Amino acid sequence: MYQREFDRLLQQGLPRAVLLYGENDYQIERYIALYKERLDAGESMLAMYHDEYDFDRAREYLSQSSLFGGHNFLLLRRDKKLPKKELDTLVGLCARNEGNHFLFDFRGEARDAKGMHASFSEKHGGVWVRLFPPNPREATAQLRTLARKLVEIDDYALGHLCSLLEGNMALCANELRKLAILDRPIGSKEIDDLVYSTAPLAVERLLHDLFARKPITETLTRLLELGEDEFSILRASQFFVQQLFLFQAHIKIHGHPDSAAILGYKLPRHVEEEKAALALRVRSSTLLKLYEHLIQSEVRMKKSRPEQRETLLYGVMIGMQGLLRKQV
């Protein structure tokens, strides 16, 4: 089901077993907070994140009687599917005991989540919910509800905040809490002065899409509209290609990726795996050609007039796409 149906269901009571997935982490966190509050389970819940998952421990937790007649609340967050037998067991324990509740915050691919729908069917006492990013009107409405509790801010400024932060609701909510410290009405000027754009994150996404051979024109145009500098995008592209080369070399030598050894700091596991997958998809010779292309493009852009740089940057990206298609 989708968000509106799930919201109506929540008005009747809390479903005991729920699979949450999609592209709206902010809303997922709100649902988790709702369960914690209604179940008064902040202290008694069992949370397992990614590799912390232990089926025997989870089963034992849901098999025991809750203390003082309360609730057993199991929260699982991971980006990999559970074996169907294990998942069916956990959902079944919730169906048999009204004191049990299980939320699976799945951060993996939607196609993998769909493979788990059957375990969360109504027949088994479960619910699956796919969440999509809110459109601008929905985002502004959600932020308005939060803002009323925190700070005086008009809808134009809320819309501006959403635009600046690329519609990332979690970041918008965090920035509203920070702005509330000023203890005065907030407008677009305060947002421009105090809120940093998510452009660096968008550049990273643009480059992932480029190497995955997905369309990038819309993202690139959006970055430039937000005021991102052409040279900063070019430098980020050079750094990205360097990273992929280092990942590729490390994997060839050691047989596995290790971002701490490669970069000097540990990336989240899903980011590390994504970079490794991209690195293995591109030939070493192509990475070299890409880097040469970027260096030469930087020289051309530095010699060009400011009004020409945007057009040149589009040309740089088209050139990278061409090299990736050829796999020289």
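What comes next is a walk through the structure. (Residues numbered from 1 in each chain as written. Predicted model: local features only at pLDDT ≥ 70, side-chain atom pairs only at ≥ 80, totals over all residues. Heavy atoms only, no water.)

## Describing the pairing of strand β3 (residues 72–78)
Where burial is concerned, most of β3 is hidden: 7 out of the 7 residues are buried. Alternating positions in β3 separate into two faces, Asn72, Leu74, Leu76 and Arg78 on one and Phe73, Leu75 and Arg77 on the other, with burial throughout. The pairing of strand β2 (residues 46–49) with β3 spans 4 bridges and is parallel. When the sheet's bridge partners are listed, tyrosine 49 is paired in β3 with arginine 77. With 7 bridges joining them, β3 and strand β4 (residues 100–106) adopt parallel strand pairing. Within the sheet, the bridge partner assigned to arginine 78 lies in β4 and is phenylalanine 106. The β-α-β motif built from β3, the intervening helix α4 (residues 84–96) and the parallel element β4 has right-handed crossover chirality. (Buried < 20%, exposed > 50% of the residue type's maximum accessible area, 1.4 Å probe, protein only. Helix = DSSP H or I, 4+ residues; strand = E, 2+ residues; numbered from the N terminus. Pairing = 2+ DSSP bridges. Right-handed = clockwise from strand over helix to strand, strands pointing away.)

## Notes on the packing of aromatic side chains
Pairs of aromatic rings are described using the distance from one ring centre to the other and the angle between the two planes. Following the criterion strictly, the structure yields 8 aromatic pairs and no others. A centroid spacing of 6.0 Å and a plane angle of 40 degrees characterise the contact between tyrosine 2 and phenylalanine 132, whose relative ring orientation is tilted. With tyrosine 2 in the segment before α1 (3–12) and phenylalanine 132 in the loop between β5 (126–131) and α6 (136–147), this pair connects stretches of sequence that are 130 residues apart. Relative to phenylalanine 120, the ring of phenylalanine 102 has its centre 6.0 Å away and its plane inclined at 35 degrees; by these criteria the two rings are tilted. In this pair, phenylalanine 102 is assigned in strand β4 and phenylalanine 120 in the loop between α5 (110–114) and β5, connecting sequence segments 18 residues apart. By relative accessible area, phenylalanine 120 is classed as buried at 0%. Following the ring pairs from residue to residue traces out a cluster consisting of Phe102, Phe104, Phe106 and Phe120. (Phe/Tyr/Trp six-rings, centres within 6.5 Å; stacked < 30°, edge-to-face > 60°.)

## Focus: the environment of alanine 118
You can see alanine 118 is positioned in the loop between α5 and β5. Residues alanine 118 and aspartate 88, spaced 30 residues apart in sequence, show a C-alpha to C-alpha distance of 9.1 Å.

## Considerations on a positive patch on the surface
A cluster of basic residues, Arg213, Lys214, Arg281, Arg325 and Lys326, forms a positive patch on the protein surface. Mapped onto the secondary structure, arginine 281 falls in helix α14 (residues 269–281). Residue classification places arginine 281 among the partly exposed residues on the basis of a relative accessible area of 46%. (Patch = residues over 30% accessible without salt bridge, like charges linked within 9 Å, V, L, I, M, F, W, Y side chains within 5 Å. Areas by Shrake-Rupley, 256 points an atom, 1.4 Å probe, with all protein chains shown as cover. Salt bridge = Lys/Arg side-chain N within 4 Å of Asp/Glu carboxyl O. Lys, Arg positive; Asp, Glu negative; His and termini not counted. Charge placed at Lys NZ, Arg CZ, Asp CG, Glu CD.)

## A closer look at the nonpolar core
If you look at the biggest cluster of nonpolar residues, it comprises 35 residues, and the most contacted ones within it are Phe211, Ile233, Leu290, Met317 and Met320. Among the secondary structure elements, those contributing two or more residues to this core are α10 (199–211), α11 (217–225), α12 (230–254), α14, α15 (284–303) and α16 (309–326). Among the elements that take part in this core, α12 stands out by supplying 8 residues, more than any other. What phenylalanine 211 contacts, discounting residues up to four positions off in sequence, is Phe240, Val241, Leu244, Leu278, Arg281, Val282, Leu287, Leu290, Met320 and Leu324. Of all hydrophobic cores here, the second largest spans 25 residues; its members include Ala17, Tyr53, Ala110 and Ala113. (Core = buried A, V, L, I, M, F, W, Y, C linked by side-chain atoms within 4.5 Å. Contact = heavy atoms within 4.5 Å.)

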